[in-house]
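# Notes for the structure review
In case you want the letters, here they are:
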Amino acid sequence: MAKPVRPMPNIESTPSHSKDPAVQQDSVPPQQPALRRSQYRCASVEIQATRLPFVRFIPGRNHPHYWQPAEPEDYAEACMLGRQYAAHLAQWLKSNELDAGRGLLLRIARDMDHSDNSHRNGLRRGFFNYLETLLCVAGRQLNLYRHVEAMHQLQRSRDLMAWLERKRKR
């Protein structure tokens, strides 16, 4: 049984310290409670990820299954649900910036059943299409070439640090 999804209307595109109440996540109509950002902050990354509505532990597996979506009634609902899941993932990443880039999206994609061609295909389509849209928005905000070079430099620094730590232990 999949966890119910909490809708996330009014996903903000401005910093959370904005004074404009129209873009604040907390200004959601009472009939659609939004998931507060603080609910994604936990001590363990694995526990943090299980707060996402499509991630849960299942019997016979010692780690979470990263794609256990709710059962949609039709293709249109599946696409909508997939977009909501992508918004939840984006909010999770905003709340856990230090854990970004550690393979969560890869684990989600790995656990998806890509051979399922039923109306549930809309879950994957809505999820990835919305992530593409978010990438376009984020890509407009920065110089991607400089950013990727900075990421390369960061990784080289981490590799050097790990090498120095291994060398010290010998």
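In what follows, the structure referred to is the one given above.
Bear in mind the structure is a predicted one, so any value in this text is a computation, not a measurement.

## Some thoughts on the overall build of the protein
Regarding its fold elements, the protein presents five helices and zero strands. Taken from the N to the C terminus, the helices and strands of the protein come in the order α-α-α-α-α. Within the protein, the proportion of its 170 residues that are buried is 29%. Counted over contacts in the protein with a minimum sequence separation of 6, partners at least 24 positions apart contribute 61%. For the protein, the computed accessible surface area is about 11600 Å², with 56% contributed by carbon and sulfur atoms.

## Re the pattern of salt bridges
Tallying each qualifying case throughout the model produces five salt bridges. The residue Arg120 makes a salt bridge to Asp116 at a minimum N-O spacing of 3.4 Å. Among the residues examined, Arg120 registers a relative accessible area of 21% and is labelled partly exposed. Of the charged contacts in the structure, one is a salt bridge between Arg156 and Glu149, with a shortest N-O distance of 3.1 Å. Overall, the relative accessible area of 47% leaves Arg156 in the partly exposed class. Take Glu149: its relative accessible area is 40%, and that puts it in the partly exposed class.

## Structural notes on the packing of aromatic side chains
For the structure shown, the criterion picks out six aromatic pairs. Plain terms: the ring middles of Trp67 and Phe127 are 5.2 Å apart, the flat faces sit at 65 degrees to each other, and that makes the pair edge-to-face. You can see Trp67 sitting in the loop between helix 1 (45-50) and helix 2 (75-95) and its partner Phe127 sitting in helix 4 (residues 121-141), a full 60 residues away along the chain. For Phe127, a relative accessible area of 0% puts it in the buried group. Ring pairing ties together the aromatic residues Phe54, Trp67, Tyr85, Phe127 and Phe128, which thus form one cluster. Just above the ring of Tyr66 sits the side chain of Arg107; from NZ or CZ to the centre is 5.1 Å.

## Re the nonpolar core
By size, the foremost hydrophobic cluster in this structure holds 19 residues, and its most contacted members are Phe54, Trp67, Tyr85, Leu89, Leu104, Ile108 and Phe127. Mapped by element, the contributors of at least two residues to this core are helix 2, helix 3 (104-111) and helix 4. Here this core gets six residues from one element, more than from any other, and that element is helix 2. Dropping the residues within four chain positions of it, Phe54 is found in contact with His65, Tyr66, Trp67, Gln68, Pro69, Tyr85, Leu89, Ile108 and Phe127.

## Description of the packing of helix 3 against helix 4
Across the interface, helix 3 lies against helix 4 with an axial gap of 12 Å and an inter-helix angle of 155 degrees. In this view, helix 3 runs roughly antiparallel relative to helix 4, as classed from their interaxial angle. Helix 4 is crossed by helix 3, and the crossing has left-handed handedness. Contacts between helix 3 and helix 4 involve Leu105, Ile108 and Ala109 from the first element and Phe127, Phe128 and Leu131 from the second. Considering only residue class, the contact of helix 3 with helix 4 consists of six nonpolar, no polar and no charged.

Conventions used here
- Residue positions are given per chain, counting from 1 as you read along its sequence in written order.
- Given that the model is predicted, a residue must reach a pLDDT of at least 70 before its local features are reported, and side-chain atom pairs must reach 80 or more before they are shown or counted; all residues, however, enter totals for whole chains, interfaces and linings.
- Based on all heavy atoms of the structure, the side-chain values leave hydrogens and waters out of the count.
- Each helix is a run of H or I in the DSSP string that is no shorter than four residues. Each strand is a run of E no shorter than two, and both are numbered from the N terminus.
- Each residue's exposure class comes from its accessible area (1.4 Å probe, protein chains only) as a fraction of the maximum for that residue type: buried when under 20%, exposed when over 50%, partly exposed otherwise.
- Note on definitions: a residue-residue contact is assigned when non-hydrogen atoms from the two residues lie within 4.5 Å.
- Using a 1.4 Å probe, accessible areas were evaluated by the Shrake-Rupley method; residue-level cover was limited to the displayed protein chains.
- By salt bridge we mean one thing: a side-chain nitrogen of Lys or Arg within 4 Å of a carboxyl oxygen of Asp or Glu.
- Pairs were defined over the aromatic rings of Phe, Tyr and Trp, the Trp ring being its six-membered one, requiring ring centres within 6.5 Å. Orientation was assigned from the angle between planes: stacked under 30 degrees, edge-to-face over 60, tilted for the rest.
- Whether a charge sits over a ring depends on NZ of Lys or CZ of Arg being within 6 Å of the ring centre and within 35 degrees of the ring normal.
- The term nonpolar core refers to a set of buried residues drawn from Ala, Val, Leu, Ile, Met, Phe, Trp, Tyr and Cys, joined through side-chain atoms within 4.5 Å.
- Here an axis means a line fitted to C-alpha atoms, over the contact stretch when the element is a helix, while the angle between two N-to-C directions is reported on a 0 to 180 degree scale.
- In what follows, roughly perpendicular refers to angles from 65 to 115 degrees, roughly parallel to angles under 35, roughly antiparallel to angles over 145, and oblique to any angle outside these ranges.
- It is the rotation of the near helix from the far one that decides the hand of a crossing: anticlockwise by less than a right angle makes it left-handed, clockwise makes it right-handed.
- Gly is put with the polar residues, along with every residue not named as nonpolar or charged; the nonpolar set is Ala, Val, Leu, Ile, Met, Phe, Trp, Tyr, Cys and Pro, and the charged set is Asp, Glu, Lys and Arg.

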